[in-house]
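Descriptive structure summary
Chain by chain, the residues:
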Amino acid sequence: MLRRDVDLTACNTLALPGQAARYARIDSPEQLGDPEHARSRRFILGGGSNLVLTGDFDGLVLHMAIPGRRLAGEDADAWYVEAGAGENWHDFVQWTLAQGWPGLENLSLIPGTAGAAPIQNIGAYGLEAGERIHSLTAFDFSAGRLVAFSRGDCRFGYRDSIFKQEGWHLSGRFAITAVTFRLPKAWAPVTGYADLARELDGTSTPSARDIADAVVRLRRRKLPDPVEIPNAGSFFHNPVVDAATAEALLAVHPALPRYPQADGRVKLAAGWLIDQAGWKGRNLGPVGMYEKQALVLVNRGGARGIDVQRTMSAVQADVLARFGVQLTPEPVFL
Ligand code: NAP
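Residues numbered from 1 in each chain as written. Predicted model: local features only at pLDDT ≥ 70, side-chain atom pairs only at ≥ 80, totals over all residues. Heavy atoms only, no water.

Thoughts on the environment of Asp 318
Here Asp 318 is to be found in helix H9 (residues 305-323). Distance in space between the C-alpha atoms of Asp 318 and Gln 276 is 9.7 Å, their sequence separation being 42 residues. Once you skip the residues sitting within four places of it in the chain, Asp 318 turns out to touch Ala 277, Trp 279 and Arg 282. (Helix = DSSP H or I, 4+ residues; strand = E, 2+ residues; numbered from the N terminus. Contact = heavy atoms within 4.5 Å.)

Brief notes about the site of the ligand
If you check the shell around the ligand, you find 19 residues, and the closest are Tyr 158, Arg 159, Tyr 193, Lys 267 and Gln 293. Between the ligand and the protein, one listed contact pairs an oxygen atom with a side-chain N or O atom of Arg 159 at 2.7 Å. For the ligand, whose free accessible area comes to 800 Å², the fraction covered by protein is 82%. At the level of elements, strand S8 (123-124), helix H6 (208-222) and strand S13 (231-234) are the ones that each hand at least two residues to the shell around the ligand. Per-class residue counts for the shell around the ligand are seven nonpolar, six polar and six charged. (Near = heavy atom within 4 Å. Polar contact = N/O pair within 3.5 Å; in protein donor to acceptor, adjacent residues only side chain to side chain. Areas by Shrake-Rupley, 256 points an atom, 1.4 Å probe, with all protein chains shown as cover. Nonpolar A, V, L, I, M, F, W, Y, C, P; charged D, E, K, R; others polar.)

Overview of unusual backbone geometry
Of note, Leu 109 is a non-glycine position whose phi angle comes to about 65°, a positive value. As for its position among the elements, Leu 109 is in the loop between helix H2 (89-99) and S8. Take Leu 109: its relative accessible area is 21%, and that puts it in the partly exposed class. Within the chain, Asn 121 stands out as a residue other than glycine whose phi angle is a positive 45°. Its place among the elements puts Asn 121 in the loop between H2 and S8. (Buried < 20%, exposed > 50% of the residue type's maximum accessible area, 1.4 Å probe, protein only.)

Section: the sheet that holds S13
Here we have four strands laid out as an open sheet, ordered S13-S19-S18-S17, and antiparallel in their pairing. If you trace the sheet from one side to the other, it starts and ends with S13 and strand S17 (283-284), each paired once. The pairing of strand S18 (residues 287-289) with strand S19 (residues 296-299) spans three bridges and is classified as antiparallel. Bridged to Met 289 within S19 is Leu 297. Contacts between H9 and the sheet are confined to S17, S18 and S19, with S18 contributing the most and set at about 35° to the helix. (Pairing = 2+ DSSP bridges. Axes fitted to C-alpha atoms, helices over the stretch in contact; angles between N-to-C directions.)

Side note on the sheet that holds strand S2 (residues 19-26)
Spatial ordering of the open sheet is given by S1-S2-S5-S3, a layout of four strands whose pairing is mixed. Strand pairing shows two members of the sheet lacking a second neighbour, strand S1 (2-7) and strand S3 (42-45), which therefore form its edges. For this sheet, the mean angle separating the axes of adjacent strands, direction not counted, is 35°. Summarising the sheet, S3 and strand S5 (residues 57-64) pair through four bridges and their orientation is parallel. By the bridge assignment, Phe 43 is partnered in S5 with Val 61.

Description of the environment of Phe 235
Tracing the sequence through the fold places Phe 235 in the loop between S13 and strand S14 (240-241). Sequence spacing of Phe 235 and Ala 314 is 79 residues, and the spatial spacing of their C-alpha atoms is 13 Å. Among all residues touching Phe 235, those that are not within four sequence positions of it are Val 52, Leu 295, Leu 297, Val 308, Met 312, Thr 328, Pro 329, Glu 330, Pro 331 and Phe 333.

Next comes the structure, spelled out in structure tokens:
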């Protein structure tokens, strides 16, 4: 059912105010076939946990709430598990573990929906969703039908996929309706991150459940609950620079955390750069960087989109001035 002038404050975890001129909640893929949707300027909304609402939107918001979780198939090597796009990501991960299908445990407690997971290829503690995605189904508004994407079609990269690369997400050409994960039966724990290894200390052979519980404890300690302190998770990408730039920075800042990549470049920790630039726990108006994790931008109360943009620009300018590194925001701006 189409509604008009719908307040979106409760639909984004930064709790920024703004109205959608038109809004429809989508509970089944069939609803996407309405020709009115194809003609409209659209924005596809999931959990709103990676969104900066800059004001009112004069188009159509399609709020993806398609439910469903099921074992779609099984072979000798793996379980194939499907999630409807509107499934809450964390609940889905916990359900797979309860069924005895490990493989997504490192991604516990990431906010948002299953349908949004492939878009920015969510990742945490050494695992990316794209490593476990087998295929997905999306509604193509230009063709007026459902289309299938294989894992390769998705062109997954670091917090990146074809849905971001082509700007298709914003233009709303595709709405992801369901995602199928391939969970290998030959499970091996991913415990390379120092924080996670420390949290698991004493557990010599951790189970997937142990890892999920450790990740939940870690995230609860470091990250604000959006219900209490509105936020959109990590606000900036970790910058990846060439080896010479990393060397030059290291000469001036010997404590610089750095993670060499397979392609020879070096990933830097955006949170560390922000902290060193003096922004950890600092506010500009109603928007600041969180005191326990400087990478998380928080709404201290009553912020609007413009306040987020002001703090974001100030942080970017200070990091650029101090380190010569340009930070780019992770969320989508509407
Ligand atoms: P952290 O442990 O304080 O480490 C800071 C950064 O260093 C991380 O962002 C991580 O990059 C990188 N890093 C740490 N150990 C690494 C290793 N062994 N190999 C390669 N890179 C390493 O990070 P944190 O803020 O507490 O976050 C922990 C994990 O949760 C990270 O994977 C982070 O991405 C994830 N997380 C994601 C979001 C989100 O909204 N997307 C929000 C919070 C946390 P990576 O980010 O590339 O892993």
